[in-house]
Amino acid sequence: MECNVNPPARNVCEYHDPYTGESWFCNHPEQVPCSAYKGHAAGGSREILTPEEARFLDKSVKEKLISSKVEPFVVLSPAISVDSRPQCTPGLPNPEPSGFYYQDIWYSRVCKNRAFPHPANVTECLTGKIMYIFGDSTTKQWWETLLRFVPSLQRQDLHAQFPAPQLAVDMSNKFAIQWQMHEKPLYIMYSDKQNVHYVASELERIGGNKEGLLVVINCMAHFVTYPVKVYARRLRGIRDSVVRLMKRNPLAKVFIKSGNTGYVYIHGSDWLSLQLDLIMRAMFSGLPVTILDAWQMTSCHYLPRDIHPGPVIVKNQIDLLLSFVCPM
């Protein structure tokens, strides 16, 4: 049955979440009750282009490199090197631009970020901590990268496949990382309804006034094709839950990951993503949280544009996160 954030027909089943106030609607099946709802899968995309429009968006004519007449130049080191950047702490503004790459290492203009080149650097930073990562496949890349990079970090078999929650534990260094998908809308193959939850609701389950709690939230890519008000409503609920979490646990560190660039599909684009990115930054302004500017980290690297960026970009994103967890 066709489902959506708005009723796709007059006779629908409404699946209402009493805590967040969000609803998901499906056409009412003829032979079974609404309670028979089992799961969700992406149903494909409707054709939105005329044949003439499709010609101009074909891969053969777009994404072409523009030649440049700029001659090579050499950047010399200053006679006196003074790093005036502040320590990486919550609430710092993101300047424009927010950083740059040099020899595949990201140098943030926000704060004194650093690289974590060896697994021991990561384990030293994360020892005794628990990290909850909420989001989509772009934050699952973080979870997978850490799993590959740190040998002592082991995946725990929860007998559930993507997009069900994924857990990894490092028993030697006593830290854990859990990744979890946000609720619909989702463009996925299939998921049982029990495997995805609203981020706002999940944040309410996290408590304890203890040091070492890390929360990463990303919510953008799956909302690009929906009205802006749908996205704003979802973020407002998440923001309210973040405020309550930080009142329960002022020692918690909360990170809001911006969206990646590289949305190069017919039904979405970086231009549409930018509208959501601006809303996200405004929504979380004024809170003692850290906005990780993945937007610029994915837009200015030489790798081909991809909403799922290459390993070198993902590792730099993680290193920026860890720079706030364990500042210099």
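Refer to the structure presented above.
Cut-off values and rules
Sequence order as written defines the numbering, with residues in each chain counted from 1. Totals for whole chains, interfaces and linings use every residue, but because this is a predicted model, local features are given only for residues with pLDDT of at least 70 and side-chain atom pairs only at 80 or more, for both listing and counting. Side-chain descriptors were evaluated using all non-hydrogen atoms of the structure, hydrogens and water having been removed beforehand. Helix and strand definitions here come from DSSP, where helices need a minimum of 4 consecutive H or I residues and strands a minimum of 2 consecutive E residues; each element is numbered from the N-terminal end. Relative accessibility thresholds used throughout: buried, under 20% of the residue-type maximum; exposed, over 50%; partly exposed, between the two (1.4 Å probe, protein chains only). Pairs of N or O atoms are called polar contacts if they sit within 3.5 Å, as long as, within protein, a hydrogen donor faces a hydrogen acceptor (for residues adjacent in sequence, only side-chain-to-side-chain pairs). Note on contacts: a residue pair qualifies if any of its non-hydrogen atoms lie within 4.5 Å across the two residues. Throughout, a disulfide means two cysteine sulfur atoms within 2.5 Å of one another.

Caption draft 1: Up close: the side chain of Glu183. Position of Glu183 among the secondary structure elements: in the loop between strand E10 (175-181) and strand E11 (191-192). Given a relative accessible area of 10%, Glu183 falls into the buried group. In terms of polar contacts, Glu183 uses its side chain to reach the side chain of Lys184, at 3.1 Å. The contacts of Glu183, once residues within four sequence positions are left out, are Val196, His197, Tyr198 and Arg234.

Caption draft 2: Representation of unusual backbone geometry within the structure. The amide bond that connects Glu96 to the next residue, Pro97, takes the cis arrangement and shows omega of -5 degrees. Of note, Pro97 is situated in the loop between helix H1 (51-56) and strand E5 (99-102). With an omega of 15 degrees, the peptide bond running from Lys184 to Pro185 counts as cis. Here Pro185 lies in the loop between E10 and E11.

Caption draft 3: Molecular detail of the state of the cysteines. A complete count under the given rule lists four disulfides for this structure. Across a sulfur-sulfur distance of 2.0 Å, Cys13 and Cys34 are joined as a disulfide pair. Across the S-S bond linking Cys13 and Cys34, the dihedral sits near -80 degrees, which makes this disulfide left-handed. Placement of the pair is Cys13 in strand E2 (residues 12-16) and Cys34 in the loop between strand E3 (23-27) and strand E4 (39-40), with a sequence separation of 21 residues.

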